[in-house]
Amino acid sequence: MDQVRVRFAPSPTGYLHIGGARTALYNWLFARQNNGKFILRIEDTDAERSTKESIQEILNGLTWMGLDWDEGPFFQSERIDKHKEAAKKLLDNGNAYKCFCTKEDLDIKKKKAQEENKPFKDIGGCRDLSSEQIKEKEAQGIPYVVRFKTPDTDGCVSFEDTVYGKIEKQYRDLEDFVILRSDGSPLFILSNAVDDHIDGMTHVIRGQDGLGNTPKQILVYNALGYKPPIFAHISLTLDTKKAKISKRKHGNVVTVAYYKERGFLPWALCNFLLLLGWSNPDDLEFFTKEELIKAFNLKGIARHNSVFNYHPGDEKNWTDPKAISMNARYISSTPIEELVPFIREELKSTGLWDDAYDNDKKAWFEETIALIRTRLHTIKDFSTKGLPYFADDFPYEEKAVKKNLKKDENLKKYLPEMADRFEKLENFDLQNTENTVRDICEELDIKPGLIINAVRTAATGQSAGPGLFEIIVTIGKEKTIERIRKAVDLI
């Protein structure tokens, strides 16, 4: 088999959509698994909607996700002359013709053909114009489009889709479709096929919504003497109401940039997108890049549409809960040295970074990350839920204060006593701090939970987190004592 060559060919009309990112991921994985090439092509022929900003956002999104391309980016707008040459070749070899009909005329004739249940290949009557008739109309300045001449015989376009199996489209059900507009600009069906030939595509892996164009494109391939690539169409991703996800309908939650801003790890997003329409025989869900490159195959792509389980207005589940859970798992399992750059960037952006975390306090910093990360869901959480570890000014959860500090007025005298005893400790470690807490609880004849929960809220402002003694040893003796005494004012 020839070297595998696949491509991602987005239109730069706004943002990198998670559906497009999933298509890019599948192509990238297939290329990497087969030691092939992943090509990036920007289909920017829509001059009114394509912007430099959108192009840059696509490049930034793919780079952040780790989907590096081997060739490109190529720009479709730079190949328009090639597309027009292909259209001329189709005119010259009799596989296309000039259509001089107005849209209004075509609409009327098409409606009549539908009412009479007749095929409407050449509904305008221009398919068999003589060369003299064509020249006469051109001389009159009548505008025209170029249409592909679909076969008017019995038969069908047939191809094997890697996901959906054998697909057939009867010739009689294909109208003579436009390949050049009246202004001479090429349409997607022509440009896409020509570009795939130029770029040497062996496989085209794209969304299922492109399946309807594939029979037409195969006709174009064949008429131009090109070898059609192998097609694999990916099922769509829908929302909980079975509507296709889109930024217009769902907002930023369907853009890659949103997940970067909200503190996702790149590969966690990739892993989540992977499972929106792909599975493996072992039912595994979590993969490193290396594991997934080895495991991925086109046969694992599902035919049924996947569901993006998003419910607007749910603050806790601000995206699909499975995505949040997956990101949390990656945060808790990614090697610390790989996690630190993301946390550094977050702490710098919030003014919490201390250069000593890269030097004198590096060991403490990494131990702190290891302690708190198992309860965090995003990188953003390191500067919010993790704030008490990196700063002294942090908020107290209202529920935590009510439940753990105001629960018992006796804490007004218990907490100062606790602070005094901590102050007397020469070795402020796990064993000594725990023994001190349990000793005072035994002396006062109170349940340890009362003191433990109160000290936790005093030290972090929170009602949940890692074990108390790990928390206060990490925060340190001096700060723990100071925070305990300060919390008395909240009781």
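Because the structure is predicted, anything quoted here is derived from the model rather than measured.

Chemist: So what's going on with the side chain of Thr214? Residues and values would help.
Modeler: Inspection of the secondary structure assignment puts Thr214 in helix α7 (residues 214-224). Judged by its relative accessible area of 0%, Thr214 falls in the buried class. Not counting the four nearest positions on each side in its chain, Thr214 is found in contact with Phe159, Arg206, Phe231 and His233.

Chemist: Help me get a handle on the pattern of salt bridges, residues and values and all.
Modeler: Summed over the entire model, instances satisfying the criterion amount to 27 salt bridges. Arg41 is the partner of Glu43 in a salt bridge, and the nearest nitrogen-oxygen pair spans 3.2 Å. Notably, a salt bridge pairs Glu434 with Arg438, separated by 3.0 Å at the nearest N-O pair. Of this pair, Glu434 and Arg438 both sit in helix α18 (residues 430-444), separated by four residues, roughly a single helical turn. Look at Glu434 and you get partly exposed, because its relative accessible area is 26%. Taken together, the shared-partner salt bridges in this structure form one network comprising Arg7, Arg41, Glu43, Arg79, Asp195, Asp196 and Asp199.

Chemist: Go over the packing of helix α1 (residues 18-33) against helix α10 (residues 266-274) with me, naming the residues and quoting the values.
Modeler: Orientation of α1 relative to α10, taken along the N-to-C sense of each, is 90°, at an axis distance of 9 Å. In terms of axis orientation, α1 runs roughly perpendicular to α10. Residues Ile18, Ala21, Arg22, Leu25, Tyr26, Trp28 and Leu29 of α1 form the contact with α10, whose participating residues are Trp267, Cys270, Leu273 and Leu274. Counted by class, the contact of α1 with α10 contains 10 nonpolar, no polar and one charged residues.

Chemist: Give me the packing of aromatic side chains: which residues, what numbers.
Modeler: Under the definition given, this model contains 25 aromatic pairs. Between Phe286 and Tyr330 the ring centres are 6.2 Å apart and the planes differ by 55°, which places this aromatic pair in the tilted class. Within this pair, whereas Phe286 is found in the loop between α10 and α11 (289-295), its partner Tyr330 is found in helix α12 (residues 321-333), the two being separated by 44 residues in sequence. Taking relative accessible area as the criterion, Tyr330 reaches 11% and is therefore assigned buried. Among the aromatic residues, those joined into a ring-pair cluster are Trp353, Tyr357, Trp364, Phe365 and Phe390. Looking at Arg329, its charged tip hangs above the ring of Phe286, at a distance of 3.7 Å from the centre. Lys361 extends its terminal NZ or CZ atom over the ring of Trp364, reaching a point 5.0 Å from the ring centre.

About the cut-offs
Residues numbered from 1 in each chain as written. Predicted model: local features only at pLDDT ≥ 70, side-chain atom pairs only at ≥ 80, totals over all residues. Heavy atoms only, no water. Helix = DSSP H or I, 4+ residues; strand = E, 2+ residues; numbered from the N terminus. Buried < 20%, exposed > 50% of the residue type's maximum accessible area, 1.4 Å probe, protein only. Contact = heavy atoms within 4.5 Å. Salt bridge = Lys/Arg side-chain N within 4 Å of Asp/Glu carboxyl O. Axes fitted to C-alpha atoms, helices over the stretch in contact; angles between N-to-C directions. Parallel < 35°, antiparallel > 145°, perpendicular 65-115°, else oblique. Nonpolar A, V, L, I, M, F, W, Y, C, P; charged D, E, K, R; others polar. Phe/Tyr/Trp six-rings, centres within 6.5 Å; stacked < 30°, edge-to-face > 60°. Lys NZ or Arg CZ within 6 Å of the ring centre and 35° of its normal.

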